Amino acid sequence: MAIIIIDPGHGFVETSEDEDNSPSYTYQNQETVYEGNYNRVIAKKVQSIFKTIEGIKVVYSVDINSNEDTPLDDRIKVVNRYNKKTTVLLSLHSGTSSLHDERGLELWTSIGRVRSEKLSRNISIEMMDNLKRFDSTFRFDYIHNVYNRDSRFKIMRKTKCPSISFGNLFYDNPKDLMLLKNNDFLDELAISIVEGTMEFVNSSIKKIDEV
Ligand SMILES: [Zn+2]
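Caption draft 1: Representation of the overall build of the protein chain in the model. Counting secondary structure elements, the protein chain contains six helices and nine strands. Evaluated residue by residue, the protein chain yields a buried proportion of 42% over its 211 residues. Restricting the contact set of the protein chain to residue pairs at least 6 apart, pairs at least 24 apart contribute 79%.

As structure tokens, then:
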């Protein structure tokens, strides 16, 4: 049995106390887009596919039906409840850039985490294969030092299982936003995440189970 933990980053409600927990971008036409909203949309799609696979238990690190951000420490506690050898953490995010001109899919892993790097490779291959027909960009050369202040790196640093942080496009870029609203694209993205993760599970986790 492998455990897949889906960690949708951030909430998407206006909270005057701490707006950092609900990152958003307002376009010139006054449309406000919340990162946490798309993180949850993708999380639900990924979860619904994993749910159908035998030998997989899929859990969320947050209450998926709440729009509020879940404190980082709580999410870390959820992850660390599970055996690191049979668990995989998928932390879902979407990015922004200062000039709103960056685009693409990113995968972030942590330096020196061999299993995370393997998981990242498995997922990136599926993404490039399955998403070819869409106007998407791939920026998979991101293997980063996890000692970054960003919470998405902190959750990777404080947990022991293989983990990936996804930058699922840039929601402040109009072309990427079109993809984030494209249900076909999101379905294929979710399939790619599941297929890549399952490749990792089948090659790296089942073997541990058998020992
Ligand atoms: Zn984020």
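Caption draft 2: The nonpolar core, seen in detail. Of all hydrophobic cores here, the largest spans 39 residues; its most connected members are I4, I6, V46, V88 and L90. If you list the elements that add at least two residues to this core, you get β1 (2-8), α1 (35-50), β5 (87-95), β6 (105-110), α3 (114-130), β9 (163-170), α5 (174-180) and α6 (183-210). By residue number, the principal contributor to this core is α6, which donates eight residues. Non-local contacts of V88, meaning those with residues more than four positions away in its chain, are made with A2, I4, L119, C161, P162, T197, F200 and V201.

Caption draft 3: How the structure looks around the environment of I123. Looking at the secondary structure, you find I123 in helix α3. Taking C-alpha positions, I123 is 6.5 Å from S192, a pair spaced 69 residues apart along the chain. Each residue touching I123, except ones within four places of it in the same chain, is listed here: L107, I164, S192, I193, G196 and T197.

Caption draft 4: The arrangement of the environment of M178 in detail. Tracing the chain through its elements places M178 in helix α5. Owing to 13 C-beta atoms within 10 Å, M178 belongs among the partly exposed residues under this scheme.

Caption draft 5: Examining the pairing of β9 more closely. Of all eight residues making up β9, seven are buried, and the element is well covered by its neighbours. Bridge count between β5 and β9: six bridges; the pairing is parallel. The partner of S91 across the bridge, within β9, is S165. Note that β6 and β9 share four bridges and pair antiparallel. Counted as the bridge partner of L107 is F166 from β9.

Caption draft 6: The confidence of the model for the protein chain, seen in detail. Overall, the predicted model of the protein chain reaches an average pLDDT of 89, with 88% of residues at or above 70. No element of the protein chain has a lower mean pLDDT than strand β8 (residues 143-144), at 54, and none a higher one than α5, at 98. The model gives residues 145-149 a pLDDT under 50, and that stretch makes seven contacts with residues more than four places away or in other chains.

Caption draft 7: Just unusual backbone geometry, in detail. Not every positive phi belongs to a glycine, and H10 is a case in point at roughly 70°. One can find H10 in the loop between β1 and β2 (24-26). Even without glycine at this site, L169 takes up a positive phi of about 65°. Along the polypeptide, L169 turns up in strand β9.

Caption draft 8: Looking closely at the environment of H10. Look at H10 and you get buried, because 27 C-beta atoms sit within 10 Å. Sequence separation between H10 and E68 is 58 residues; the distance between their C-alpha atoms is 7.4 Å. Apart from the residues lying within four places of it in its own chain, the contact partners of H10 are N21, S22, P23, E35, G36, N39 and D69.

Caption draft 9: Structural context of α1. Its 16 residues place the ends of α1 23 Å apart at the C-alpha level, agreeing with the 22 Å of an ideal helix rising 1.5 Å per residue. For α1, every residue scored as buried is listed here: E35, G36, N37, Y38, N39, R40, I42, A43, V46 and F50.

What counts and what doesn't
Residues numbered from 1 in each chain as written. Predicted model: local features only at pLDDT ≥ 70, side-chain atom pairs only at ≥ 80, totals over all residues. Helix = DSSP H or I, 4+ residues; strand = E, 2+ residues; numbered from the N terminus. Buried ≥ 20, exposed ≤ 12 C-beta atoms within 10 Å, placed from the backbone. Contact = placed C-beta atoms within 7 Å. Core = buried A, V, L, I, M, F, W, Y, C linked by C-beta atoms within 7 Å. Pairing = 2+ DSSP bridges. pLDDT = per-residue confidence, 0-100. Expected span 1.5 Å × (residues − 1).

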